[in-house]
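Read off the chains here:
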Amino acid sequence: MSSFRRRPAEASDATAVTELVRALDVAFLGASEYTQAELEEEWEDAEPWVVHAGAELVGYGTVELRGDAGRSDGYVHPRHTGRGVGRYLVDELEAELRARGAARVQNATLLVDGGAHSLLRARGYDEVRRFSQMRIDLEGAPAPPVWPDGVAVSGFDVHDAREFHAAYEAAFADHWGHHRTPFAKWRRANVERPDFSPHLWTVVRAGDRIVAGTICLPERNGVAWVSRLFTVQDWRRRGLGEALLHDAFGKFWRDGRRAVGLGVDAESTTGANRLYERAGMHVSFGAVVFEKELR
């Protein structure tokens, strides 16, 4: 019988869980900018669990189910590696998702965490995708964006939220692993958040149709954050992505922010990662997604 005990996380656990995640970041990446506010934001979408050994919190994980696809994420405090906490978390969270009807489960780990990779492979998981967090430290005012002919650029107006959401969903429909987010949920996550900063967003129209845009946050992971940058399929490869990126850099610069980051699918078929590299961004760390069929 396992000596570990799993229970649903409570609001009072947030500080200890944040410290656990930060300790893991420091162990593998050398530093951490992770905040309790980011943790609490994640808990709005994913169900959190904590693992205790006696009275001590030794692990933490989340589960999320979208349709028949489940996702679990697990973290073990560096002081307690090698005790079986990771294996316990993987199996327990997988069982939770299986009981809820998940046909498959995905689990993401840091690229540099070879121990986690070995654990997941031993539990029947296979690598399916890699993602990168990219960053740039702006040393001078960015070059202004060069917009292609035929578009009009404006800031974001909340009255356009539904139309913007529709364009966003259309743009990401062909991206790996994308699940459509209902408008009400998308609005809560983006427009109704405490740090909503519409002056950092951009809307691009061709005629009366939104064809591209950005969702930017003043800070995430310790840097100004390009949360989403999208172009609908029939407007790709016309320079909109590059223009949107430089537009975001310029907005952050004027806000006094010098470090900018974003996340990208390292195997994207749209060439997004190459675009970001041409703009001077570099990979700060990577993640690997593993998957297991449950049926």
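Scroll up to find the structure this text is about.
Here the structure is a predicted model, which is why all the values come from computation and not from measurement. (Residues numbered from 1 in each chain as written. Predicted model: local features only at pLDDT ≥ 70, side-chain atom pairs only at ≥ 80, totals over all residues. Heavy atoms only, no water.)

Participant: Please clarify how the side chain of K251 should be interpreted in this entry.
Facilitator: As for its position among the elements, K251 is in helix α7 (residues 240-254). Of the polar contacts made by the side chain of K251, one reaches the side chain of T202; its length is 2.7 Å. Sequence-distant contacts of K251, defined by excluding residues within four places in its chain, comprise H199, L200, W201 and T202. (Helix = DSSP H or I, 4+ residues; strand = E, 2+ residues; numbered from the N terminus. Polar contact = N/O pair within 3.5 Å; in protein donor to acceptor, adjacent residues only side chain to side chain. Contact = heavy atoms within 4.5 Å.)

Participant: It is not clear to me how the nonpolar core should be interpreted in this structure. Could you clarify?
Facilitator: The nonpolar side chains of soluble globular proteins are, as a tendency, buried together. Among the nonpolar cores identified, the biggest contains 43 residues, and F164, W186 and Y276 are the most heavily contacted of them. When near neighbours in sequence (up to four residues on either side) are disregarded, F164 contacts F156, W186, W201, T202, V203, I210, G213, T214, I215 and F230. (Core = buried A, V, L, I, M, F, W, Y, C linked by side-chain atoms within 4.5 Å. Buried < 20%, exposed > 50% of the residue type's maximum accessible area, 1.4 Å probe, protein only.)

Participant: Teacher, can you tell me more about the pairing of strand β2 (residues 47-53) here?
Facilitator: The side chains of a regular strand alternate, first on one face of the sheet and then on the other. Taken across its seven residues, β2 has six buried, putting it largely inside the fold. Bridge count for strand β1 (residues 4-8) against β2 is five bridges, and the pairing is antiparallel. Counted as the bridge partner of F4 is A53 from β2. Between β2 and the antiparallel strand that follows it, strand β3 (residues 56-66), lie two residues; G54 among them carries a positive phi value of about 65°. (Pairing = 2+ DSSP bridges.)

Participant: So what exactly am I meant to see when it comes to the packing of aromatic side chains here?
Facilitator: When we look at a pair of aromatic rings, we describe it by the centre distance and by the angle of the planes. Enumeration according to the criterion identifies 17 aromatic pairs in this entry. With a centroid separation of 5.5 Å and 40° between ring planes, the pair formed by F164 and W201 is classed as tilted. Residue F164 is found in helix α5 (residues 161-172), and its partner W201 is found in the loop between α6 (183-190) and β8 (202-206); the two are separated by 37 residues along the sequence. Among the residues examined, F164 registers a relative accessible area of 0% and is labelled buried. Residue class for W201 comes out buried when judged on its relative accessible area of 1%. Counting every residue linked through ring pairs, the aromatic cluster contains F156, F164, Y168, F172, F183, W186, F196, W201 and F230. One Lys or Arg, R238, reaches over the ring of W235 and ends 4.0 Å from the middle of that ring. (Phe/Tyr/Trp six-rings, centres within 6.5 Å; stacked < 30°, edge-to-face > 60°. Lys NZ or Arg CZ within 6 Å of the ring centre and 35° of its normal.)

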